[in-house]
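Structure at a glance
Next come the chains, spelled out residue by residue.
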Amino acid sequence: MRFITSILLFLLIIGSVSAECRNKSCMTNEFIFVEEENSTGHVFYYDEVFNIGSNWYIIFDYPEANTNTTISFEFDSGVSKIHSYDNSIATDSISFSGSSFSEENLNMNLKIIIEGEEGMKNGFNLSIDINKPPADDLFYLWGGMTVFWLSIGAYVIYMSTKLTRLRAK
Amino acid sequence: MKYQREVIGFIGFSLVLAALYFALIQTGPAKFFTAPNAQKLFYLHVPSGLITYLAFLMVVGGSIIFLYNGSEYADKLAKSSTELGIVFGFMSLASGTFWMKAEWGGDIVNRFLTDMRLATTLAMWLLYIAYFVYRRQPDTLQVKKNSAILGLSGMLMVPLSYLSSRFLRSHHPVIVGTEDQGSLDPSLRFGLYLGLFGFLLIFIFLFRMRMEIENLERDIFKSKMERL
């Protein structure tokens, strides 16, 4: 009993520690974008796989002596976000909801446009794979199916045994 | 035919296997569901629920006839159907719980207390558990009469459970007799009918087996009483 309780507790804890990571260290890719020569550029940290159902983050370091006003992110599908610069911080981030996409799509372009003070625009593309993770409801399917076979099987065995015993009497 | 009962059971089992093949292999994961794989439980969950209602209605019918003319056969029918209703009811409730957990999530106990379809079906099932336990004692006339009166409660419980998702607070989907019935995909209906006929034949197989047990038990009980 104690063993089963320990396993259940372990599974409960395992299930609750898999929160979404929002740190640079969790991002698999890094891209440096330099607007002008001899200047520090923006550094973008992101995961090249967008898993449907989980929020997707992109983190960016502002360049030194930052004078930009907005930065816009737009996927090929039309999903977009515009972010205003905050000059008081060096690192910022935005997120896209896990429900932004419903179908898988490989190498989707994410167009990033940085707008300067005088309306000057610079941009580049990142390639993102939209991934649809397999549904995790198979456990429930097989659990439910097992109920049918165990119930019918156990009942037939119970009745057969009883029938044999009664016939013998 | 010597093996008629076994043949019925075999055909029923084959139909259920065909329903499973149809649900799990021929059709892909269901669209428009949070849990597209667990939705496959639909093909056996609904038939087991309908067979449960059938079994408990047979208890009601048997109880009425027994109280009307004291028919021994009606009493045996009611007693045997109760046991089968409990087995199929368990399948329906347990499979529904798995599906509900995958599709709706949340606290299962809370759902059974607040969703009227779930609450009334569980209450109906527990009521017939009480009937089953009561009948574990020797079949005297008084026990049969009391059981028949208890069995009659299905007259209220079966319609209450079936109609609860239409008129009371419930998330349980309603399809039969509503506008959604026409929107059921024909392939979905095919799989559902396979499961339904399969379970119906398995029910007949089990029912006949249970009736034979009942006959043997009564014969043994009668001969024991005669010896005394």
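Provided above is the structure to which this section pertains.
First, a word on what this report is: a plain description of the structure on this page. Fair warning: this is a prediction, and the values are worked out from it, not measured in the lab.

Right, let's get into the overall build of chain B. A count of helices and strands for chain B gives nine helices and zero strands. Taken from N to C terminus, the helices and strands of chain B fall in the order α-α-α-α-α-α-α-α-α. Burial status across chain B gives 46% buried among its 228 residues. Sequence separation of 24 or more characterises 76% of the internal contacts of chain B that already satisfy a separation of 6 or more. When the accessible area of chain B is evaluated, it comes to approximately 11700 Å², of which 68% is carbon and sulfur surface.

Residues and elements named next belong to chain A. The strand order across the open sheet built from four strands is β1-β2-β4-β7, with neighbouring strands paired in antiparallel fashion. In the strand order of this sheet, the two ends are held by β1 (29-33) and β7 (91-96), each with one partner. The average angle at which neighbouring strand axes cross in this sheet is 20°, direction not considered. Relative to strand β4 (residues 56-61), strand β2 (residues 42-46) runs antiparallel, the two being bridged by four bridges. Of the residues in β4, the one forming a bridge with Tyr45 is Ile59.

Between its first and last C-alpha atoms helix α2 (residues 42-69) of chain B spans 41 Å; for 28 residues at 1.5 Å apiece the expected length is 40 Å, and the two agree. Backbone geometry just downstream of α2 of chain B places Gly70 of chain B in the positive-phi region, at approximately 70°.

Our focus in this paragraph is the interface of chain A and chain B. Of the residues lining the interface, 25 residues belong to chain A; the matching set on chain B comes to 36 residues. If you sort the residues of chain A by the area they bury against chain B, Tyr140, Phe148 and Tyr155 of chain A come out on top, with a joint share of 23%. Counting every contact that joins chain A to chain B gives two salt bridges. Here Glu212 of chain B ties to Arg167 of chain A by a salt bridge, and the two come within 2.7 Å at their closest N and O atoms. Inspection of the chain A/chain B interface yields five residue pairs in polar contact (both at pLDDT 80 or more).

To continue, consider the nonpolar core. Of all hydrophobic cores here, the largest spans 39 residues; its most connected members are Phe88, Phe199 and Leu206 of chain B. Breaking this core down by element, the ones donating at least two residues are α2 (138-168) of chain A together with α1 (4-26), α2, α3 (72-103) and α9 (186-227) of chain B. Residue contributions to this core peak at eleven residues, all from α9 of chain B. Within the second largest apolar cluster, 24 residues are counted, among which are Phe33, Tyr46, Ile58 and Ile128 of chain A.

Parameters and conventions
Residues numbered from 1 in each chain as written. Chains lettered and ligands numbered in written order. Predicted model: local features only at pLDDT ≥ 70, side-chain atom pairs only at ≥ 80, totals over all residues. Heavy atoms only, no water. Helix = DSSP H or I, 4+ residues; strand = E, 2+ residues; numbered from the N terminus. Buried < 20%, exposed > 50% of the residue type's maximum accessible area, 1.4 Å probe, protein only. Contact = heavy atoms within 4.5 Å. Areas by Shrake-Rupley, 256 points an atom, 1.4 Å probe, with all protein chains shown as cover. Pairing = 2+ DSSP bridges. Axes fitted to C-alpha atoms, helices over the stretch in contact; angles between N-to-C directions. Expected span 1.5 Å × (residues − 1). Buried area = accessible area lost by both parts, 1.4 Å probe. Salt bridge = Lys/Arg side-chain N within 4 Å of Asp/Glu carboxyl O. Polar contact = N/O pair within 3.5 Å; in protein donor to acceptor, adjacent residues only side chain to side chain. Core = buried A, V, L, I, M, F, W, Y, C linked by side-chain atoms within 4.5 Å.

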